[in-house]
Amino acid sequence: MARSIEHIDDDKVYVLQNRWKVARRHLVYYGIRKAPHTFENSVRISRRTSKKLASLDGSVSLRSVGATAALVRLIKQGIVVPQEEYKKNKESLDEAEFCVNCTANDYMIPGLELDENGLCPMCAMKKRLKGLKALMPVKNRFPRNKRGEYDVALFYTGGKDSSYLMYYLSEVLGLRVLALCWETEYISPNAAKSIENARKSVKNTDIIVRKVDKDVMRRIYAAHFALAGNTCMCPALAYVLFYPLLSEKKVPYLVLGNEPSQMYNLIFNNISPVAAFRPRVQNLGRIFINLARIFTFRKPFKAGQMQTYFTVRTLAKGTPLYSSGEGKYHNEQVQNVYKALEGEKEFMKSFKDSVKRSWRTGNIPALVHVDLAEISDGYKWAEIKESIKREIGWEDSAEPDKGLHTSCSIERCKEYTQFTRFREMKSRVIPYTAIEMAIAVRDGNLSREEAMREICTSTGFFGEPREYAEMLRPIKDKQN
């Protein structure tokens, strides 16, 4: 909370507020700040200020340290506070302070700030962020592909969202669909059964299943676990496995249809700026890239192709933009995946060659987003589940309360590791489920009561999950 300079008492002991951490030349906040500082989670500081902050060890007065202008600014912003105002982490959900409108709370998201109306930043900023859809073009209708056998492709996991998307593309729009499945050691039984049922019942769709060699996959899992504390990297593997096929077959569109709340997660996790979600900004970026392509006698990118190319290029070459993890935006997940894959040169060769070749040829599927909320009148989870059960034989999770991430048998482990690492300020990744559940409730995809029931019975925020041993099994097998 900002305070006026009159309230600064030089004789008091001041400390750096909880959830703030000095990272070389930045102060980094591990939480979500209320407006107007919601996206100001990284504050650049001088070397002198860094030394001053190190002196605030809880044993000396502000007068002893010396209140510079920079330190006073931090005090007025509530970043440096009197010792008695230091906020401790909440130890349980019972102690947590909740948003009055959704499920966001300062136990699941340590460092969450509520405004004077009791609203979390996700709810308080709903109007400001209204109309944001995706980091790629939004497209709910598609033309026929006259150059190939498929009109669209999608990554298909057997989960709720990809099953509904496949149903919409194939059964509602009548498109020729290429559904791409990657087999992992963690696919849930209900997802495997859903894929099997869809293969029998969905028209106009070819379902292709691929898997990585077991030894290679276990080395990748072990490398990723060492970096991130979990083995969750499935979407990246899908690009590596299938991008050469998509480019070769000249599939015009790779369609994503993520749960709507997942898009906002990128914003509140400070992975992507709000501006990147604006179609005007996306188009402007494509214009600049196309000018370079025209000058080098290459075909200009169509809408969505730029997003595809830079996604696969990042997996092939990494992204130095986010490597320090100290600035305003960060994407340590992508960096960790890249590092885990980097050592598997033979496995990555075909993918890297395809990425390089597609830059020259322009045979790149456009990465586009179907607005699930728009095509389904609000994307109510219970209604979506019933629809795909009826239409394509979708199998629900063994936990009927579960609606988020239903295709993975170790989803609790991702939640648990993201939560514990963020709580301990070892990672800047705010637990995805905590944000996504809050936004789903905010937007009316499910009720607050339904969300709280799922949080309390089907998530990993309350201790090491029983599935943790299952997540570690491939790593231990590799070590043995």
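What counts and how
Residues numbered from 1 in each chain as written. Predicted model: local features only at pLDDT ≥ 70, side-chain atom pairs only at ≥ 80, totals over all residues. Heavy atoms only, no water. Helix = DSSP H or I, 4+ residues; strand = E, 2+ residues; numbered from the N terminus. Rg over C-alpha atoms; globule rule 2.2 N^0.38 Å. Buried < 20%, exposed > 50% of the residue type's maximum accessible area, 1.4 Å probe, protein only. Areas by Shrake-Rupley, 256 points an atom, 1.4 Å probe, with all protein chains shown as cover. Lys, Arg positive; Asp, Glu negative; His and termini not counted. Charge placed at Lys NZ, Arg CZ, Asp CG, Glu CD. Pairing = 2+ DSSP bridges. Axes fitted to C-alpha atoms, helices over the stretch in contact; angles between N-to-C directions. Contact = heavy atoms within 4.5 Å. Core = buried A, V, L, I, M, F, W, Y, C linked by side-chain atoms within 4.5 Å. Parallel < 35°, antiparallel > 145°, perpendicular 65-115°, else oblique. Left-handed = near helix turned anticlockwise from the far one by under 90°. Salt bridge = Lys/Arg side-chain N within 4 Å of Asp/Glu carboxyl O. Nonpolar A, V, L, I, M, F, W, Y, C, P; charged D, E, K, R; others polar. Polar contact = N/O pair within 3.5 Å; in protein donor to acceptor, adjacent residues only side chain to side chain. Phe/Tyr/Trp six-rings, centres within 6.5 Å; stacked < 30°, edge-to-face > 60°.

A separate point is the overall build of the chain. For the chain, the count of helices and strands is 19 helices and eleven strands. Relative to the globule expectation of 23 Å for 480 residues, the C-alpha radius of gyration of the chain, 24 Å, shows essentially globular dimensions. Each of the three principal axes of the chain carries a C-alpha extent, and together these read 75 × 55 × 50 Å. Across the 480 residues that make up the chain, the buried fraction comes to 56%. Accessible surface for the chain amounts to roughly 21800 Å². Of this, 50% is attributable to carbon and sulfur atoms. One way to put it: in the chain the 77 positive side-chain charges average out to a point 9 Å from where the 56 negative ones average out.

With that out of the way, let us pick up the pairing of strand β10 (residues 253–256). Of the two faces of β10, the one holding Tyr253 and Val255 and the one holding Leu254 and Leu256 are both buried throughout. Relative to β10, strand β7 (residues 152–155) is paired through two bridges, and the arrangement is parallel. Bridge pairing in β10 places Leu154 opposite Val255.

Turning our attention to the sheet that holds strand β6 (residues 80–82). Here three strands make up an open sheet; going across it, the order is β5-β1-β6 and the pairing antiparallel. Each of the sheet's edge strands pairs with one partner strand only, and the pair in question is β5 (57–61) and β6. Along the sheet, successive strands turn relative to each other by an average axial angle of 35 degrees, direction set aside. Two elements, strand β1 (residues 13–16) and β5, share two bridges in a ladder whose sense is antiparallel. Within β5, the position partnered with Val15 by the bridge is Asp57.

On to the side chain of His224, then. Assignment of secondary structure puts His224 in helix α7 (residues 214–228). For His224, a relative accessible area of 3% translates into the label buried. Excluding anything up to four places from it in sequence, His224 contacts Gly229, Asn230, Thr231, Cys232, Met233, Asn336, Val337 and Ala340.

So, on to the sheet that holds strand β2 (residues 20–23). Ordered in space as β2-β3-β4, the three strands form an open sheet in which the pairing is antiparallel. This sheet does not close on itself; its edge strands, each paired only once, are β2 and β4 (42–44). In this sheet, neighbouring strand axes are inclined to one another by 25 degrees on average, regardless of whether the strands run parallel or antiparallel. Across three bridges, the pairing between strand β3 (residues 26–29) and β4 is antiparallel. Bridged to Val28 within β4 is Ser42.

Quick look at the nonpolar core now. One finds Cys120, Met122, Phe142, Leu169, Val255, Phe268 and Phe351 to be the most contacted residues of the largest nonpolar core, which totals 128 residues. Per-element accounting of this core gives the leading share, ten residues, to helix α8 (residues 234–248). Other than its neighbours up to four places away in sequence, Met122 contacts Ile32, Ala104, Ile109, Phe268, Ala438, Ile439 and Arg442. In terms of nonpolar packing, the next biggest core, distinct from the first, is built from 18 residues, Leu27, Tyr29, Ile45 and Leu56 among them.

The geometry of a pair of packed helices is captured by two quantities: the angle between their axes and the separation between those axes. Packing of helix α9 (residues 260–268) against helix α17 (residues 432–442) brings their axes to within 9 Å, and their N-to-C directions diverge by 125 degrees. In this view, α9 runs oblique relative to α17, as classed from their interaxial angle. Note on packing geometry: the crossing formed by α9 with α17 is right-handed. Facing Ser261, Gln262, Tyr264, Asn265 and Phe268 of α9, the residues of α17 in contact are Tyr432, Ile435, Glu436, Ile439, Ala440 and Arg442.

Before going further, it helps to examine the environment of Leu119. Topologically, Leu119 is positioned in the loop between β6 and α4 (121–124). Considered as a pair, Leu119 and Ile289 are 170 residues apart in the sequence and their alpha carbons are 40 Å apart. Ignoring sequence-local partners within four residues, the contact set of Leu119 consists of Cys99, Val100, Asn101, Glu113, Leu114 and Ala124.

Right, let's get into the pattern of salt bridges. Taken as a whole and judged by the stated rule, the model has 27 salt bridges. With a shortest N-O distance of 2.8 Å, Glu344 and Arg219 are connected by a salt bridge. You can see Glu344 sitting in the loop between α12 (332–342) and α13 (345–361) and its partner Arg219 sitting in helix α7, a full 125 residues away along the chain. Given a relative accessible area of 12%, Glu344 falls into the buried group.

This part takes up the packing of helix α10 (residues 279–295) against helix α11 (residues 305–317). The interhelical angle for the contact between α10 and α11, taken along N-to-C directions, is 75 degrees, at an axis separation of 10 Å. One finds that α10 runs roughly perpendicular with respect to α11. On α11, the residues that touch Gln282, Gly285, Arg286 and Ile289 of α10 are Met306, Gln307 and Phe310. In terms of residue class, the contact of α10 with α11 is made up of three nonpolar, three polar and one charged.

One can find Thr308 in helix α11. Taking relative accessible area as the criterion, Thr308 reaches 1% and is therefore assigned buried. A distance of 3.1 Å separates a polar side-chain atom of Thr308 from the backbone oxygen of Gly304. A polar atom in the side chain of Thr308 sits 2.8 Å from the backbone nitrogen of Leu367.

Moving on: the packing of aromatic side chains. Per the counting criterion, the structure on display carries 19 aromatic pairs. Both rings, one in Phe39 and one in Phe268, keep their centres 5.9 Å apart while their planes meet at 40 degrees; by these two values the pair is tilted. Placement of Phe39 in the loop between β3 and β4 and of Phe268 in helix α9 is noted, with a sequence separation of 229 residues between them. A relative accessible area of 1% means that Phe268 is categorised as buried.

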